[in-house]
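Letter by letter, the chains look like this.
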Amino acid sequence: MRQLAEALDSAFSAALDLCTNVSGRVIVTGIGKSGHIARKIAATFASTGTPALFVHPAEASHGDLGMIGVGDVVIALSNSGNSAELGDIVAYSRRFEIPLIALTGDSGSTLAEAADVVMLLPPAAEACSMGLAPTTSTTMMLALGDALAVALLERRGFSTADFQLFHPGGAIGRKLLRVGDIMHIGESIPLAAPHTSMSEAVLVMTAKSFGCVGVCDGDGKLIGVITDGDLRRHMDDRLFTRTAAEIMHPEPKTIAAGGLAAEAVGVMNRFSITSLFVIDDAGRPTGFLHMHDCLRAGVV
């Protein structure tokens, strides 16, 4: 990998420019082991915000060339650079002036001579004892292709929010889930005014079934919270004659709707609480999040 890093030159930047300026898709192709690597590189591009697909060179010769259009860019992988199966794709890209990036180990190969940009692999023996099985070369191809995809996402400002959009399922999707995606909104938020009697506040707590109620001032700003623990601590003959403002504790823990659900879980764990009010920039409640919501979403 050190050899590969040291071999990087202006060709990498030129390839990055071609992929950045493409109005269509990045088409990645290769045959044999290089084809398997090409599939992975195409998947990396697609999952990081660059429309991409793998086109099998043999299928391309039998109709799949129609998957490649003007506005696309082709990245062709071949260590030798002389794989006959790539011939039709290469010829097609030249005929219709579709940019061609070669990822090869031979600068004098047919593929390299036809390409607009050549990303050259440094000389390195294959890892097998015979020095024949594609191992070292395919590893370098994968590293270089993924590096191109990562550089492209950084250039385009691809964010974690964008990443979550393309990864809604699995561990990655759960890790990037936002509070706003799973919070309760509208009438389901347990709220009361400061002058609300505790008898009414308890009714709100019971109806909403969250074990707490937020207290908002006249401007709708959250100024306190009453939990079932507060009820136990203040339980006496006068409890129901008092107001929410008298029982609440101020400065409740909150989070923004744009925060990560995993971050919300961290706050709840840190302060040994089971819920958070979600507020806007003015401090007004826009949602409510309970630990059970995070559990159901698979965040924890």
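Our structure's up above, just so we're on the same page.
All figures in this text were calculated on a predicted structure; none of them were measured in a lab.

Visitor: Would you mind going over the overall build of the protein chain with me for this structure?
Guide: Of regular secondary structure, the protein chain possesses 15 helices and twelve strands. Over its C-alpha trace the protein chain gives a radius of gyration of 29 Å, far above what one expects of a compact globule, namely 19 Å for 300 residues. Put simply, 62% of the contacts in the protein chain that link residues at least 6 apart link residues at least 24 apart.

Visitor: Can you walk me through the packing of helix 3 (residues 33-47) against helix 7 (residues 136-155) in this structure?
Guide: The interhelical angle for the contact between helix 3 and helix 7, taken along N-to-C directions, is 15°, at an axis separation of 9 Å. With respect to helix 7, the element helix 3 is oriented roughly parallel. Here helix 3 and helix 7 pass one another in a crossing that is right-handed. Here helix 3 contributes Lys33, Ser34, Ile37, Lys40, Ile41, Thr44 and Phe45 to the contact with helix 7, which in turn contributes Thr138, Met141, Leu142, Gly145, Asp146, Leu148, Ala149 and Leu152. Broken down by class, the residue content of the contact of helix 3 with helix 7 amounts to eight nonpolar, four polar and three charged.

Visitor: Just checking my understanding: could you explain the pattern of salt bridges for this structure?
Guide: Between side chains of opposite charge, pairing is possible as soon as their charged atoms come close. Enumeration over the complete set of coordinates arrives at eight salt bridges. One salt bridge in this structure joins Lys40 and Asp146, with 3.0 Å as the shortest N-O distance. Of this pair, Lys40 sits in helix 3 while Asp146 sits in helix 7; the two residues are 106 residues apart in sequence, bridging distant segments of the chain. Owing to a relative accessible area of 37%, Lys40 belongs among the partly exposed residues under this scheme.

Visitor: What exactly am I supposed to notice about the sheet that holds strand 8 (residues 222-227) here?
Guide: Spatially, four strands are ordered 6-7-8-9 in an open sheet, and the strand pairing comes out mixed. With one partner strand each, in any of the chains shown, strand 6 (191-192) and strand 9 (249-250) form the two edges of the open sheet. Helix 11 (residues 198-208) rests against strand 6, strand 7 (212-216) and strand 8 of the sheet, and its axis sits at about 125° to strand 7.

Visitor: Looking at this structure, I do not really get the layout of surface pockets. What am I missing?
Guide: Empty space left among the atoms is revealed by rolling a probe the size of a water molecule over them. For the largest pocket, the calculated volume is near 320 Å³. Surrounding the largest pocket, 17 residues form its lining, Val225, Thr227, His249, Ile273 and Ser275 being those nearest its centre. Those elements that place two or more of their residues in the lining of the largest pocket are strand 8, strand 9 and strand 11 (275-279). Looking at the lining of the largest pocket residue by residue, the classes come out as eight nonpolar, six polar and three charged.

Visitor: How should unusual backbone geometry be read in this particular structure?
Guide: Glycine aside, a negative phi is what most residues show, and trans is what most peptide bonds show. Although it is not a glycine, Glu97 adopts a positive phi angle of roughly 55°. You can see Glu97 is positioned in the loop between helix 5 (87-95) and strand 4 (100-104). Positioned with a positive phi, Ser272 is a non-glycine residue whose angle comes to about 55°. The residue Ser272 is located in the loop between helix 14 (261-270) and strand 11 in this model.

Visitor: What should I look at first to understand the nonpolar core in this one?
Guide: Among soluble globular proteins, nonpolar side chains are generally buried collectively. One finds Phe45, Ile75, Leu77 and Leu148 to be the most contacted residues of the largest nonpolar core, which totals 31 residues. Contributions of two or more residues to this core are made by helix 2 (10-21), strand 1 (26-30), helix 3, strand 2 (52-54), strand 3 (73-78), strand 4, strand 5 (117-120) and helix 7. Looking at which element gives the most residues to this core, the answer is helix 7, with seven residues. Leave out the neighbours within four places in its chain, and Phe45 touches Val26, Thr50, Ala52, Ile75, Gly145, Leu148, Ala149 and Leu152. Core analysis: the second largest hydrophobic core is formed by 17 residues, Ile27, Leu53, Val74 and Ala76 among them.

Definitions and limits used
- Residues numbered from 1 in each chain as written.
- Predicted model: local features only at pLDDT ≥ 70, side-chain atom pairs only at ≥ 80, totals over all residues.
- Heavy atoms only, no water.
- Helix = DSSP H or I, 4+ residues; strand = E, 2+ residues; numbered from the N terminus.
- Rg over C-alpha atoms; globule rule 2.2 N^0.38 Å.
- Contact = heavy atoms within 4.5 Å.
- Axes fitted to C-alpha atoms, helices over the stretch in contact; angles between N-to-C directions.
- Parallel < 35°, antiparallel > 145°, perpendicular 65-115°, else oblique.
- Left-handed = near helix turned anticlockwise from the far one by under 90°.
- Nonpolar A, V, L, I, M, F, W, Y, C, P; charged D, E, K, R; others polar.
- Salt bridge = Lys/Arg side-chain N within 4 Å of Asp/Glu carboxyl O.
- Buried < 20%, exposed > 50% of the residue type's maximum accessible area, 1.4 Å probe, protein only.
- Pairing = 2+ DSSP bridges.
- 1 Å grid on protein atoms, 1.4 Å probe; cavity = no way out; pocket = protein on both sides within 12 Å on 5 of 7 lines; lining within 4 Å.
- Points joined across faces, edges and corners; volume = space filled by probe spheres on them.
- Core = buried A, V, L, I, M, F, W, Y, C linked by side-chain atoms within 4.5 Å.

Limitation: the analysis is restricted to geometry and does not speak to function.
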